[in-house]
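# Chains, contacts and geometry: an overview
So you can see what is in the structure, the chains are spelled out below.
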Amino acid sequence: MAYLAVLTALGVALLFLVGVVPAGRLWIMAVASLPVGIAVMMYGYGWALGVFAATALLSCLLFPASALEYLVFFGYYPIVKSLFERLPKNWMSWALKYLLFFIVLIVLWKASLLGAALTGRWYILFLAGAAAFAAYDFAFSILIRFYLERIARFIS
């Protein structure tokens with residue numbers, strides 16, 4: 001239980017950095033999703049959902065401007081990613097991941113949270129978003145694997 005509290009605190013601290021460090025907002029947000037991914041791998045989906053909920057609640061209370069992307073996508077994505085990657089075919093996993101990503105992107109875009117300047121050039125948003133999402137998913141998998149192989153044994 002204490003380890004899950006530490007993961008929550010780490011997620012909140014990283015979300016605090018989003019408001020402090022202006023550059024790299026999305027990448028810091030992506031790193032802030034790692035504690036939920038660690039909770040999925042070490043303790044299961046229920047505890048990971050608890051880490052996500054606690055991190056999201058604390059972030060909304062302490063610094064709501066930094067919590068939006070975490071709530072809408074990054075916070076729960078490690079749980080969904082783990083579920084999708086259990087599918088028998090790799091292409092099915094990627095298809096569902098991209099479907100989720102594009103749904104979130106469309107919702108944010110239509111809610112005017114992603115810059116109305118791209119209204120005429122929406123395809124740029126989708127192409128750049130697809131490339132960034134693939135990089136995020138790949139990097140996230142590498143970091144989780146690194147944690148499991150190199151760090152987890154020292155904590156257990």
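Just above, that's the structure.
Anyway, here's the lowdown on the structure attached to this text. Just so it is clear, the model here is predicted, and its values are computed rather than measured. (Residues numbered from 1 in each chain as written. Predicted model: local features only at pLDDT ≥ 70, side-chain atom pairs only at ≥ 80, totals over all residues. Heavy atoms only, no water.)

With that out of the way, let us pick up the overall build of the protein. A count of helical and extended segments in the protein gives eight helices and zero strands. Ordered by position in the sequence, the α and β elements of the protein form the string α-α-α-α-α-α-α-α. Its C-alpha radius of gyration of 16 Å places the protein within 12% of the 15 Å reference for a compact globule of 156 residues. Across its three principal directions, the C-alpha atoms of the protein cover 50 × 40 × 25 Å. Relative to its full complement of 156 residues, the protein shows a buried share of 40%. A fraction of 68% describes how many contacts in the protein between residues 6 or more apart in sequence connect residues 24 or more apart. Carbon and sulfur atoms form 76% of the exposed surface of the protein, whose accessible area is close to 8800 Å². Looking at charge distribution, the protein has the averaged site of its 10 positive side-chain charges lying 3 Å from that of its 4 negative ones. (Helix = DSSP H or I, 4+ residues; strand = E, 2+ residues; numbered from the N terminus. Rg over C-alpha atoms; globule rule 2.2 N^0.38 Å. Buried < 20%, exposed > 50% of the residue type's maximum accessible area, 1.4 Å probe, protein only. Contact = heavy atoms within 4.5 Å. Areas by Shrake-Rupley, 256 points an atom, 1.4 Å probe, with all protein chains shown as cover. Lys, Arg positive; Asp, Glu negative; His and termini not counted. Charge placed at Lys NZ, Arg CZ, Asp CG, Glu CD.)

Summarising the element assignment, Ser-141 is placed in helix α8 (residues 122-155). Of the residues examined, Ser-141 reaches a relative accessible area of 18% and is grouped as buried. Beyond its immediate sequence surroundings of up to four residues, Ser-141 is in contact with Lys-81 and Glu-85.

This part takes up the environment of Tyr-77. Tracing the chain through its elements places Tyr-77 in helix α6 (residues 77-84). Overall, the relative accessible area of 0% leaves Tyr-77 in the buried class. Separated by 44 residues in the primary sequence, Tyr-77 and Ser-33 have C-alpha atoms spaced 7.7 Å apart. Ignoring sequence-local partners within four residues, the contact set of Tyr-77 consists of Lys-97, Leu-100, Phe-133, Tyr-136 and Asp-137. Polar contacts involving the side chain of Tyr-77 include one to the side chain of Asp-137, which spans 2.5 Å. (Polar contact = N/O pair within 3.5 Å; in protein donor to acceptor, adjacent residues only side chain to side chain.)

Let's shift gears to the side chain of Thr-8. Position of Thr-8 among the secondary structure elements: in helix α1 (residues 2-20). Among the residues examined, Thr-8 registers a relative accessible area of 10% and is labelled buried. The contact partners of Thr-8, leaving out residues within four places of it in the chain, are Val-51, Ala-54, Thr-55 and Leu-58.

The subject of this paragraph is the nonpolar core. Leu-7, Leu-15, Val-36, Tyr-70, Phe-73, Phe-74 and Tyr-136 are the most contacted members of the largest nonpolar core, which has 42 residues in total. Of all elements in the fold, only α1, α2 (25-32), α3 (34-43), α4 (45-62), α5 (68-74), α6, α7 (90-110) and α8 reach the threshold of two or more residues within this core. Ignoring anything within four residues of it in the chain, the contact list for Leu-7 reads Pro-35, Ile-38, Ala-39 and Val-51. (Core = buried A, V, L, I, M, F, W, Y, C linked by side-chain atoms within 4.5 Å.)

A word on the packing of aromatic side chains. One pass over the structure, following the stated rule, counts 21 aromatic pairs. Judged by centre distance (6.3 Å) and plane angle (80°), the ring pair of Phe-52 and Tyr-76 falls under edge-to-face. In this pair, Phe-52 sits in helix α4 while Tyr-76 sits in the loop between α5 and α6, placing the two residues 24 residues apart along the sequence. Residue Tyr-76 is classed as partly exposed on the basis of its relative accessible area, which comes to 21%. (Phe/Tyr/Trp six-rings, centres within 6.5 Å; stacked < 30°, edge-to-face > 60°.)

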